[in-house]
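Given next are the chains, with one letter for each unit.
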Amino acid sequence: MSTDAHSLSRDDVAHLARLSRLAVTDEELDRFADQLGVVLGAVARVQDAPTTDVTPTTHAVPLTNVHRPDVVTPSLPREQVLAGAPAAEDDRFRVPRILGEEA
Amino acid sequence: MSTDRLLEFDDVVSRYEPVFGLETHVELGTASKMFCGCATTFGAEPNTQTCPVCLALPGALPVANAAAIEATIRIGLALGCRIATWCRFARKNYFYPDIPKGFQTSQYDEPLCTAGHLDVEVDGETYRVEIERVHLEEDTGKNLHVGGATGRIHGADHSLVDFNRAGIPLVEIVTRPVAGVGAKAPEVARAYVAELREILLALGVSEVRMERGNLRCDVNTSLAPTGSLEWGTRTETKNVNSLRSVERSVRYEMRRQAALLDDGERILQETRHFHEDTGSTSAGRSKEEATDYRYFPEPDLVPMAPDTDWVEQLRADLPELPAARRARLREEWGLSDTEMAWLVNAGALGLVSDTVAAGADPADARKWWLGELSRRAKDAGVELGDLAVTPAQVAELTQLVAEGTVNDQLARQVLDGVLAGEGSPRQVVDSRGLAVMGDSDELGAAVDAAIAGAPDVVEKVRGGKTAALGALVGAVMKETRGKADAATVRRMLEERVLGG
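Report follows, based on the coordinates.

The rules we used
- Residues numbered from 1 in each chain as written.
- Chains lettered and ligands numbered in written order.
- Predicted model: local features only at pLDDT ≥ 70, side-chain atom pairs only at ≥ 80, totals over all residues.
- Heavy atoms only, no water.
- Helix = DSSP H or I, 4+ residues; strand = E, 2+ residues; numbered from the N terminus.
- Rg over C-alpha atoms; globule rule 2.2 N^0.38 Å.
- Buried < 20%, exposed > 50% of the residue type's maximum accessible area, 1.4 Å probe, protein only.
- Areas by Shrake-Rupley, 256 points an atom, 1.4 Å probe, with all protein chains shown as cover.
- Lys, Arg positive; Asp, Glu negative; His and termini not counted.
- Charge placed at Lys NZ, Arg CZ, Asp CG, Glu CD.
- Pairing = 2+ DSSP bridges.
- Axes fitted to C-alpha atoms, helices over the stretch in contact; angles between N-to-C directions.
- Parallel < 35°, antiparallel > 145°, perpendicular 65-115°, else oblique.
- Left-handed = near helix turned anticlockwise from the far one by under 90°.
- Contact = heavy atoms within 4.5 Å.
- Nonpolar A, V, L, I, M, F, W, Y, C, P; charged D, E, K, R; others polar.
- Phe/Tyr/Trp six-rings, centres within 6.5 Å; stacked < 30°, edge-to-face > 60°.
- Buried area = accessible area lost by both parts, 1.4 Å probe.
- Salt bridge = Lys/Arg side-chain N within 4 Å of Asp/Glu carboxyl O.
- Polar contact = N/O pair within 3.5 Å; in protein donor to acceptor, adjacent residues only side chain to side chain.

A look at the overall build of chain B
Here is step 1: Tallying secondary structure elements over chain B gives 17 helices and 16 strands in all.
Here is step 2: Against the globule reference of 23 Å for 500 residues, chain B gives a C-alpha radius of gyration of 30 Å, more extended than a compact globule.
Here is step 3: Reported as C-alpha extents along the three principal axes, the dimensions of chain B are approximately 100 × 55 × 50 Å.
Here is step 4: Classification of the 500 residues of chain B by burial places 51% in the buried group.
Here is step 5: Element-wise, carbon and sulfur atoms account for 49% of the exposed surface of chain B, whose accessible area totals about 22500 Å².
Here is step 6: Where the 55 positive side-chain charges of chain B centre and where its 77 negative ones centre are 3 Å apart.

Notes on the sheet that holds strand β2 (residues 88-89) of chain A
Here is step 1: Ordered in space as β2(A)-β3(A)-β9(B)-β8(B), the four strands form an open sheet in which the pairing is antiparallel. Every other strand in the sheet has two partners, leaving β2 of chain A together with β8 (142-146) of chain B as the edge strands with one partner each.
Here is step 2: Across two bridges, the pairing between β2(A) and strand β3 (residues 92-96) of chain A is antiparallel. When the bridges of β3(A) are listed, A88(A) appears paired with F93(A).

Concerning the packing of helix α14 (residues 441-453) of chain B against helix α16 (residues 469-479) of chain B
Residues and elements named next belong to chain B.
Here is step 1: At their nearest, the axes of α14 and α16 sit 9 Å apart, and the two run at 130° to each other. Compared by their axis directions, α14 and α16 come out oblique. Regarding α14 and α16, the two cross each other, and that crossing is right-handed. Of the residues in α16, those in contact with L443, A446, V447 and A450 of α14 are L472, A475, V476 and E479.
Here is step 2: Here the contact of α14 with α16 is composed, by residue class, of seven nonpolar, no polar and one charged.

What to know about the packing of aromatic side chains
All names here are of chain B.
Here is step 1: The final tally for this structure, using the stated rule, is five aromatic pairs over all chains.
Here is step 2: Centre to centre, the rings of F35 and F89 are 5.4 Å apart; their planes meet at 80°, and the pair counts as edge-to-face. Of the two residues, F35 sits in the loop between β1 (16-27) and β2 (64-65) while F89 sits in the loop between β3 (82-83) and β4 (90-93), which places them 54 residues apart along the sequence. Residue F35 shares its accessibility class with F89, and that shared class is buried.
Here is step 3: Chaining the aromatic ring pairs together yields one cluster made of Y94, Y108, Y293 and Y295.

Describing the environment of T58(A)
Here is step 1: Note that T58(A) resides in the loop between α2 (26-43) and β1 (67-68).
Here is step 2: A sequence separation of 51 residues divides T58(A) from S7(A), and the C-alpha atoms of the two residues are 25 Å apart.
Here is step 3: In this structure, T58(A) is in contact with R88(B), P297(B) and P299(B), ignoring residues within four places of it in sequence.

Focus on the sheet that holds strand β5 (residues 103-106) of chain B
Residues and elements named next belong to chain B.
Here is step 1: On the basis of which strands lie adjacent, the open sheet formed by three strands has the order β5-β4-β16 and antiparallel pairing. With partners counted over all chains shown, the strands left at the sheet margins are β5 and β16 (296-297), one partner each.
Here is step 2: Pairing between β4 and β16: two bridges, direction antiparallel. Along β16, the bridge assignment pairs R91 with F296.

Some points on the interface of chain A and chain B
Here is step 1: Residue-level contacts link 37 residues of chain A with 62 residues of chain B.
Here is step 2: Interface area for chain A against chain B, summed over the two sides, is near 4300 Å², with a carbon-plus-sulfur share of 57%.
Here is step 3: Here chain A and chain B share one salt bridge between them.
Here is step 4: Of the charged contacts in the structure, one is a salt bridge between E45(B) and R78(A), with a shortest N-O distance of 3.9 Å.
Here is step 5: Between the two partners, chain A and chain B, sit 19 residue pairs in polar contact (both at pLDDT 80 or more).
Here is step 6: Secondary structure elements with two or more residues in the side of chain A that touches chain B: α1 (10-19), β1, α3 (78-83) and β3 of chain A.
Here is step 7: It is β3(A) that contributes the most residues to the side of chain A that touches chain B, five residues altogether.
Here is step 8: By residue class, the composition of the side of chain A that touches chain B is 15 nonpolar, nine polar and 13 charged.
Here is step 9: One ladder, built from four bridges, connects β3(A) with strand β9 (residues 158-162) of chain B; its direction is antiparallel. Across the sheet, residue F93(A) finds its bridge partner in β9(B), namely V161(B).

Now the structure itself:
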């Protein structure tokens, strides 16, 4: 990763693209690195907020142990489930070939 | 086909020290999924057990299954773990078609359970396997690769995804590296998974049917030259899904890595796939680093904070664990360590125990399960526990023998009937007419017929050659198709040939 927290290198973008399974061209790498750098810079402004007295949290509400009992509820009808799929076959979601990896 | 060069196992362990570790995934047997109410029934029609939550439709929010959390804590307690007083779920981000959200809801730096151990026995020696962590996550969907000759991705044209499994609660149990066991490494690895499976069964948290993928292992293996202070580079063999395969995969990786190290080559840190048919492994993708998963605390779920009193209650309510149970039963049944090991290795311990509980004598129960029933299972190519006979029925069978209703030979015919689904042993005795014939008119007639049919033999017996009586006994047994009791027949013959 780059040393400057507010910018992304071409290599960073290439790495992220690979993790996201996106094919990105050389020209796009440069463009996205610039664009994402701007986004990061904007988001980085939250670091200016005074937080020394604030306890880190991942939730806005101080709740714990919100559970549901182990009870089965109806699932969606399959036609409805597959209706939103770009492609379906044999009652399953059809997806493009998975490249370069084994299941 | 594997083209790996392999070093002989004896040579491997004479020069190298193996280290292995296991990540075991257990599908919990909850009725509903981890974060939604969809059913978890195995073998359901594809995509019939899905909803907006487990399909990751926009706006859907997860709510954690209380029973899954409880089961995870009970697993942790059974493994002697510390239970977290506060912890969170985390998102493990990666893209794969079987993971609809683009992340798996898992746990990262705050697992529910940490720092436990499991003692396993191999050849009378006890080995302690340290448990690093036990955490709760969710299973993925199932990919079906279409167009490839082997059902694997290579050569596949496209893939089909069934999300019924997506979101089923999954517990991951991670060991610390196990070192210093040398040549025993493959067996200790297997024994660990076997014992873990027993514990999960005793807890009743999962069906742990490995052939259904209820329990799946990733096996890490590395080698270092004997005496080396540093461990070697490890490989991770994925989806090792039987006890035998766990042992074979460790053995294979040890032999493969040793051959490379012997040639001065480096071991690549990589994921490998295990091939059930050949017992070999092959290279998979290079491993993603933890940072690549960009873990972060799950904002859609609130933290878990198991109440200490509740956890202590769960601890107090744990069932008798397999190791303690084995020790107790060994004592109660007066068995040697070896006899006990046979019973355990045959997968018959629970069956014998249940048979005894149903009223059978321990020795009789053992005799049936390790003898006749083991043979039947082997002939049928099924597990002992999958035979169509219950421990209660076996107990009834032993009682029929004990009370003299049937002899051993008839009892085997009774078993035929039970296995054929003809009902309980007593019902089969009645319907097939298999009861031993007592000193009845029918048997008397058969005895008389035998005497009348062999005057020469009768003469010999009367002349003092009592051994010749055996031929008459045999004739009666044949006539009654084994239903007579040989001792009764002999007594009746003696009375009628020699008696007053």
